[in-house]
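Below, each chain spelled out in residue letters.
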Amino acid sequence: MLDSLKHSNTRHTGFLSIELALVLIISAIIAFAVVQQQARSAKSSVAKIQADQLNQVGDALNSYTDLYRRGISAPGDLQVDLNNDGITDVTIPEDPVTGNEGSKLTPTIENLIDIGLLPASFVNRPAASNGQFITRLSILPVGCSMAADNCRIEGYITLSQPVTIGGQNGAAGEFDIDIAGDMLSFMGGNGFVTLQADTPATSAGGNFTVALDIDGNGTSDANTAAGIPGVRVGALASRYDVRNPIADVDFCRGNRTLNWVQSGNACTTVIFNDTPVGYRFVAVDADTGGGAGAGGSAFIRCVFNPNANPPAQLSILSSCCQNGNQACTPPAVP
C-alpha cells in the first residue's frame, strides 16, 4: 500500500514538472514576441522622427527655392534682406569653400536657420544616423536666363550616412532595413532611399530614382552606401510653386490655340486659362455643337521639358477628330 502511494506521488510530481516546463516555455515565447514587437515599434518610431526631420528640412528648402529663386539663379552671392529695409542681413556664398560648406546651391541647416526657414532649435543631427543633413540644388534648364525669368531649381535633402540603430556602423556600410523601409512610407510621395549600395535611390512606388552626390563634387557618386534616405524638393518634387509661379516654367500660358488632325479631319481648340505643370484635362474642338467643320476632343497636359523653349508647353496626349459637329471621346491615357 505504501509503495503504491509513493509511486502515485512520483507520477504526480513528474506531471507537475512537465506542466511547469511547458508554462515556462510558453512564457518565454510570449516574452520573446513582446520584446520583438517592442523593438520593431521602437524602430518605427525612430523612422517616423527621421522622416519628419527630412520633410521639415524639405519644406524649408521648398520655401528657399520659391522665395529666392531669382537670386539663386543670378550670378554672385545670395544676399537676403530679412527686414525689407534695403540692408543685407544674411549672405550665402555662390561657391562653397569645400563640398559640404554652405552655398546658395548647397545651403546648410545653419543657412536655413539664419534666413528664418528653420527654427533656431533645429539641430543638424539626424535621429537615425551618425551623419548630417546635406542639400543639393541644381538650376535648370542649362543656359536658362534670369533676365528671361525661365529658370527652375530642383534638388533634394538627404543624409551623409545611412540610417542605423544600436551598434551598427553606417560608415562601414551597415544600415537598418526596417527603419529605411518604414521611412519610405512616412516621407510621402517625394521620399526615397538607397536600398542597395552603389545604386540610385528609389521611391516607395519605384516611379522615380535619384542619383546622389554625397561628397559634394557636383557629380553623382559611383559608390553610394545603402540605407540613405532623402526627399526631393523644388521643381523635381511633385508640387506647384504657388508663391511665385513663373510663366512658361511653372505653368503653361493661356490663350493658346491647339490643332490636331486625325483621319484627314482637322480639329482646333483654344485654351483660355493658365495650366500648372503636370495638370491634364479634356478640351473640346471649337466646332463641336454647331457651325461648320469637324468635331472632336483631346486629352491635354502641361508638360515641363528643360530642353524645350519655352520649357512648359501644352501637349496633346490623345485625341479624336471626325466629320461633322458630333463630339467624340479621345482614347484614355494612363
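Our structure's up above, just so we're on the same page.
Bear in mind that the values here come from a model prediction, so they are computed numbers and not experimental data.

Reading guide: rules and limits
- Residues numbered from 1 in each chain as written.
- Predicted model: local features only at pLDDT ≥ 70, side-chain atom pairs only at ≥ 80, totals over all residues.
- Heavy atoms only, no water.
- Patch = residues over 30% accessible without salt bridge, like charges linked within 9 Å, V, L, I, M, F, W, Y side chains within 5 Å.
- Areas by Shrake-Rupley, 256 points an atom, 1.4 Å probe, with all protein chains shown as cover.
- Salt bridge = Lys/Arg side-chain N within 4 Å of Asp/Glu carboxyl O.
- Helix = DSSP H or I, 4+ residues; strand = E, 2+ residues; numbered from the N terminus.
- Disulfide = S-S within 2.5 Å.
- Buried < 20%, exposed > 50% of the residue type's maximum accessible area, 1.4 Å probe, protein only.
- Phe/Tyr/Trp six-rings, centres within 6.5 Å; stacked < 30°, edge-to-face > 60°.
- Pairing = 2+ DSSP bridges.
- Axes fitted to C-alpha atoms, helices over the stretch in contact; angles between N-to-C directions.

## Describing a nonpolar patch on the surface
Taken together, the side chains of Ile-18, Leu-22, Ile-25, Ile-26 and Ile-29 present a nonpolar region at the surface, about 490 Å² in accessible area. You can see Leu-22 is positioned in helix α1 (residues 2-67).

## Brief notes about the state of the cysteines
Going through the model one piece at a time under the given rule, you end up with three disulfides. In this model Cys-252 forms its disulfide with Cys-302; the gap between the sulfur atoms is 2.1 Å. On the sign convention where negative is left-handed, the bridge of Cys-252 and Cys-302, at about 90° about the S-S bond, is right-handed. Of this pair, Cys-252 sits in strand β9 (residues 251-252) while Cys-302 is found in strand β14 (residues 295-304), placing the two residues 50 residues apart along the sequence. Sulfur-sulfur distance for the disulfide between Cys-320 and Cys-328 comes to 2.0 Å. Handedness here is read from the sign of the S-S torsion; for Cys-320 and Cys-328, about 105°, the answer is right-handed. Exposure remark for Cys-328: the relative accessible area of 16% places this residue in the buried category.

## Observations regarding the packing of aromatic side chains
Inspection of every chain in the model, using the stated rule, returns four aromatic pairs. Arranged with centres 6.3 Å apart and planes meeting at 25°, the rings of Tyr-279 and Phe-281 form a pair that is stacked.

## Thoughts on the sheet that holds strand β13 (residues 280-284)
Sheet architecture is open: three strands sit in the order β13-β14-β15, paired in antiparallel fashion. This sheet does not close on itself; its edge strands, each paired only once, are β13 and β15 (312-322). Neighbour-to-neighbour, the strand axes of the sheet open up by a mean angle of 25°, direction not taken into account. Two elements, β13 and β14, share five bridges in a ladder whose sense is antiparallel. In the strand pairing of β14, Phe-281 is matched with Ile-300.

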